Amino acid sequence: MALTIPGWPDVVGRMDAMRVDPQRRIGSSEVQAVTAMTERLSDLDDEFGGRYARPMAAAFLVNTVAPYLRADASSETRKSMMAAAALLCYLTGWMAVDEGAHGRAQQYYVKSLELAGAGNDPTTYCHVLRGMSVQAADLGHGTPAVRLANAAADASPESSPRMRAFITGQQAHAYALAGEKTNALNSLREAERAVNQAESRLGTFGGFSSATLAYATAQVRHALGDTKGSIASLNDHFTLRDSTDMQRTKLVFSSLLAERQLEVGHLEAACATWNAVLDEYPGIHSGRMDRQVAKIPSLLSPYRSNSAARQTSEHARELIAK
């Protein structure tokens, strides 16, 4: 995670000198098409996973968006296209993280930062930095996760309650992983205050709700060694989840819940949680879920004498083999 992250002043205007194809001209309709396609791809990623959606996103970037970026356009349209492409690039990187292609994800993320600068879009720039912090945290790299989350906070162009929660919730998890307990708890309290103040409707990017806060709390508690508290917060998350929330994250978070239930000795509860995951797993094309399911047999191997553990392990093995 020693990636060099360009600062906002470094990316603004960086792509102004891009060679323009005078044979092609774009307008607002092309920008709207890219924005709409990004929304569709995001929905597919949420429902089916990054391994399913990323090839489509990558093809759309190469075959459609890249030529748009080189096309002649008014200054306003050009900036809007850069901003739209930045968001798509960010989403494609997010999908690559789900696949486990972390180096490729970072390439998408850095390109997204550059496009956000060219499109004068500090909001997407901030979101990308936060996404990079999430990636670092998921890989267990606490210090880089803190650096990236703090950079996102510094770059944030707005201080709406929803945005503050979006950033400080990630800062809390990063601080906890880095062993900075006081900073972690302070950030978590700030995220809680911000969520309580927030009234705006959630969007595709940057939505942060009470359910998201419960998940962030679970991650902070687990990183600080409070596994039982983490389980309670994950249960709160599932109570607060909206029916429209992502299917993939539901399964990923359920897998984490099962692992933590097993960690505190609740074998039967862990198996029940895993069985619910395995029932829905075949419909998800997610590298992260593949890895979560692949861990189940080894995690349950010490409990082979228990019939529930044996059945859950066998079910997982059957699905992995398909």
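First, a word on what this report is: a plain description of the structure on this page. Predicted model only: the values in this text are computed from it and were never measured.

Attention now moves to the overall build of the protein. Across its full length, the protein carries 15 helices and 2 strands. Expected size for 322 residues packed as a compact globule is a radius of gyration near 20 Å; at 21 Å, the protein falls within 12% of this value. Seen along its three principal axes, the alpha-carbon backbone of the protein occupies a region of about 70 × 45 × 35 Å. Residues classed as buried in the protein amount to 49% of the 322 residues present. The long-range share in the protein, meaning contacts at least 24 apart out of those at least 6 apart in sequence, stands at 69%.

What follows covers helix α3 (residues 50–70). If you look at α3, its biggest bend is around 40°, right at Leu 61. For α3, the set of buried residues is Gly 50, Ala 53, Arg 54, Ala 57, Ala 58, Phe 60, Leu 61, Val 65, Pro 67, Tyr 68 and Leu 69.

Attention now moves to the packing of helix α8 (residues 161–177) against helix α9 (residues 181–197). Close contact between α8 and α9 brings their axes to 8 Å; oriented N to C, the two are set at 160°. As the angle between them shows, α8 and α9 are arranged roughly antiparallel. The crossing of α8 and α9 is left-handed. Contacts between α8 and α9 pair Pro 161, Arg 164, Ala 165, Thr 168, Gly 169, Gln 171, Ala 172, Tyr 175 and Ala 176 from the former with Asn 183, Ala 184, Ser 187, Leu 188, Glu 190, Ala 191, Ala 194, Val 195 and Gln 197 from the latter.

Attention now goes to the environment of Ala 216. Structurally, Ala 216 can be placed in helix α10 (residues 210–223). In this structure the C-alpha to C-alpha distance between Ala 216 and Ala 149, which are 67 residues apart in sequence, comes to 14 Å. Look past the residues within four positions of Ala 216 in its chain and what remains in contact with it is Gly 169 and Leu 188.

It is worth spelling out the side chain of Ser 230 at this point. Along the polypeptide, Ser 230 turns up in helix α11 (residues 227–240). When residues no more than four places from it in sequence are discounted, the contact partners of Ser 230 are Ala 218, Arg 221, His 222 and Arg 260.

Attention shifts here to the environment of Ile 167. Relative to the helices and strands, Ile 167 resides in helix α8. Taking C-alpha positions, Ile 167 is 7.9 Å from Ala 191, a pair spaced 24 residues apart along the chain. Filtering out sequence-adjacent residues up to four positions away, Ile 167 remains in contact with Cys 126, Arg 130, Ala 149, Ala 152 and Ala 153.

Once that is clear, we can look at the pattern of salt bridges. Taken as a whole and judged by the stated rule, the model has 11 salt bridges. For the salt bridge of Arg 288 with Asp 138, the shortest nitrogen-to-oxygen distance reads 3.7 Å. In this pair, Arg 288 is assigned in helix α14 (residues 287–300) and Asp 138 in helix α6 (residues 122–138), connecting sequence segments 150 residues apart. Linking Arg 164 and Glu 190 is a salt bridge whose minimum nitrogen-to-oxygen distance equals 3.3 Å. Linking Arg 164 in helix α8 with Glu 190 in helix α9, this pair joins segments that are 26 residues apart in sequence. Accessibility expressed as a relative area gives 25% for Arg 164, which makes it partly exposed. A single salt-bridge network, built from bridges that share partners, covers Asp 45, Asp 98 and Arg 248.

Criteria and cut-off values
- Residues numbered from 1 in each chain as written.
- Predicted model: local features only at pLDDT ≥ 70, side-chain atom pairs only at ≥ 80, totals over all residues.
- Heavy atoms only, no water.
- Helix = DSSP H or I, 4+ residues; strand = E, 2+ residues; numbered from the N terminus.
- Rg over C-alpha atoms; globule rule 2.2 N^0.38 Å.
- Buried < 20%, exposed > 50% of the residue type's maximum accessible area, 1.4 Å probe, protein only.
- Contact = heavy atoms within 4.5 Å.
- Bend = angle between axes of the 7 residues up to and from the residue.
- Axes fitted to C-alpha atoms, helices over the stretch in contact; angles between N-to-C directions.
- Parallel < 35°, antiparallel > 145°, perpendicular 65-115°, else oblique.
- Left-handed = near helix turned anticlockwise from the far one by under 90°.
- Salt bridge = Lys/Arg side-chain N within 4 Å of Asp/Glu carboxyl O.

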